[in-house]
Structure formats: structure tokens, C-alpha cells
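Here is what each chain is made of, one letter per residue.
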Amino acid sequence: MAIRQVREIGDEILTKQCKAVPKMTLRTKVLIGDMLETMYEYHGVGLAAPQVGVLKQIVVIDVGEGPIVLINPEIIEISGEQTGEEGCLSVPGKWGIVTRPDYVKVRAYDQDMEPVELEGEGLLARAFCHEIDHLSGQLYVDKVEDGLHDVTYENEEEDEDETEE
């Protein structure tokens, strides 16, 4: 497995429609492994194939409950609404407020090309929508309600120094 370069906003591959995956191949298995490794390396919650330069309908997600691999995913049911912060590995250093469904049901194939239906609420529902949008060339920045904001990181060393005094 290898860490792949994450394509960033402005790269035209992020605006293209992805192709369905007809069958599992060794090359696709390697891609999925690389996508998972890349997502974890950059501390992402999800990653779609076009973000690593491949126009295939594949997404990987991990919201802290273990990796999920979705091939040719489609959203088949949604309900509710949630509004919250969203970021993207392809839009580094930025975040924005986006409204998404609070419940999402997805139909896809897993890494063994077995059909699966998964349900998600909260962060997982948001991740399903965000990553599946990538497969049709959509970025969350087009859905942002109050503009993009810079990510700011608190300096942990300063916080520790203040508590020691």
C-alpha cells in the first residue's frame, strides 16, 4: 500500500463524473488499500477515488467505528436535517457550515463486490453524502452556507504552560 497525493480544489479531476466499477481487480484492491492508508495518514473521515486522481465510484469512510468501503454507492433514502461544520482533504485549511440529511441509507458493493445496504446518522450520514458527492464532481464548498473559514489550531504547548503556572 502507498500514500497517494490528494488532489486539491482547482484540479479539474475533482469536477468530473466517475465511472462505475464493473468488477473487482487487483488494481482496484490496491487502490482501496492506498485510499484507506491515505485517509488515515491525513486524518480524514472519508476519501473518494477522484481525490487521489482516479475516476472510479469508490469511497472509503471511517468515523471511528472501523473502515467502510463503498463501491458504486447510491443514496436510496434520506430523512431529517443537520447543519454543521464540514471540511475536506481536497480543500486544506478550510471549513464551512453545510446542511445535510441527518439519516442516510446507502446501497453499494463492498470490497468483495457483495451488495450491501448501510444506514448512518449524524457524522456517518454527513460522510456518506460528502463522499458520494465527490463521485459526481461536487465539492462541499458549493453547499457552504456562510462562506469558507480558515482552520485554526490551538497551540497545545501554550495551553500546557499556562496550566503549570
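Small disclaimer: the values here were computed from a predicted structure and weren't measured.

Caption draft 1: Geometry of the overall build of the chain. Across its full length, the chain holds three helices and eight strands. Each helix and strand of the chain, placed in order from N terminus to C terminus, yields the pattern α-β-β-β-β-β-β-β-α-β-α. Scaling as 2.2 N^0.38, a compact globule of 165 residues should have a C-alpha radius of gyration of about 15 Å, and the chain matches this with 17 Å. When its C-alpha atoms are laid out on the principal axes, the chain stretches across 60 × 40 × 30 Å. In the chain, the share of contacts with a sequence separation of at least 24, taken over all contacts with a separation of at least 6, comes to 66%. Of the roughly 9,400 Å² that the chain leaves accessible, carbon and sulfur atoms contribute 46%. Of the charged side chains in the chain, 14 are positive and 36 negative; the average position of the first set lies 17 Å away from that of the second.

Caption draft 2: Expanded view of the environment of E12. In this fold, E12 is placed in the segment before α1 (26–41). Taking the relative accessible area as the measure of exposure, E12 reaches 54% and is therefore exposed. Residues E12 and P50 lie 38 residues apart in sequence; the distance between their C-alpha atoms is 9.9 Å.

Caption draft 3: Region of interest: the nonpolar core. Residues I61, L70, V104, V106 and F128 are the most contacted members of the largest nonpolar core, which totals 16 residues. When contributions to this core are tallied by element, the ones reaching two or more residues are β2 (58–61), β3 (68–79), β6 (103–109) and α2 (123–134). No other element matches α2, which puts six residues into this core. Leaving out residues up to four positions away in the same chain, L70 has contacts with Q57, I58, V59, I61, V106, A108, Y109, L118 and F128.

Caption draft 4: Spatial organisation of the confidence of the model for the chain. In the predicted model, the chain carries a mean pLDDT of 93, and 92% of its residues have values of at least 70. Of the regions scoring below 50 in pLDDT, residues 155–165 engages in one contact with residues more than four places distant in sequence or in other chains.

Caption draft 5: Fine view of unusual backbone geometry. Positive phi values are uncommon outside glycine, yet H43 reaches one of about 60°. With respect to the secondary-structure elements, H43 resides in the loop between α1 and β1 (46–48). With a relative accessible area of 74%, H43 lands in the exposed category. Unusually for a residue other than glycine, N72 sits at a positive phi of about 55°. Relative to the helices and strands, N72 is located in strand β3. We classify N72 as buried; its relative accessible area is 16%.

Caption draft 6: Representation of the sheet that holds strand β8 (residues 149–150) in the model. Within the open sheet, the three strands sit side by side as β4-β5-β8. Their pairing is antiparallel. Two strands bound the open sheet, and with one partner strand each, they are β4 (82–86) and β8. Of the strand pairs in this sheet, β4 and strand β5 (residues 94–100) are connected by five bridges, and their pairing is antiparallel. In the sheet register, Q82 faces β5, and the bridge partner there is R100. Where α2 meets the sheet, it contacts β4 and β5, and its direction lies at approximately 65° from that of β4.

Rules used in this analysis
- Residues numbered from 1 in each chain as written.
- Predicted model: local features only at pLDDT ≥ 70, side-chain atom pairs only at ≥ 80, totals over all residues.
- Heavy atoms only, no water.
- Helix = DSSP H or I, 4+ residues; strand = E, 2+ residues; numbered from the N terminus.
- Rg over C-alpha atoms; globule rule 2.2 N^0.38 Å.
- Contact = heavy atoms within 4.5 Å.
- Areas by Shrake-Rupley, 256 points an atom, 1.4 Å probe, with all protein chains shown as cover.
- Lys, Arg positive; Asp, Glu negative; His and termini not counted.
- Charge placed at Lys NZ, Arg CZ, Asp CG, Glu CD.
- Buried < 20%, exposed > 50% of the residue type's maximum accessible area, 1.4 Å probe, protein only.
- Core = buried A, V, L, I, M, F, W, Y, C linked by side-chain atoms within 4.5 Å.
- pLDDT = per-residue confidence, 0-100.
- Pairing = 2+ DSSP bridges.
- Axes fitted to C-alpha atoms, helices over the stretch in contact; angles between N-to-C directions.

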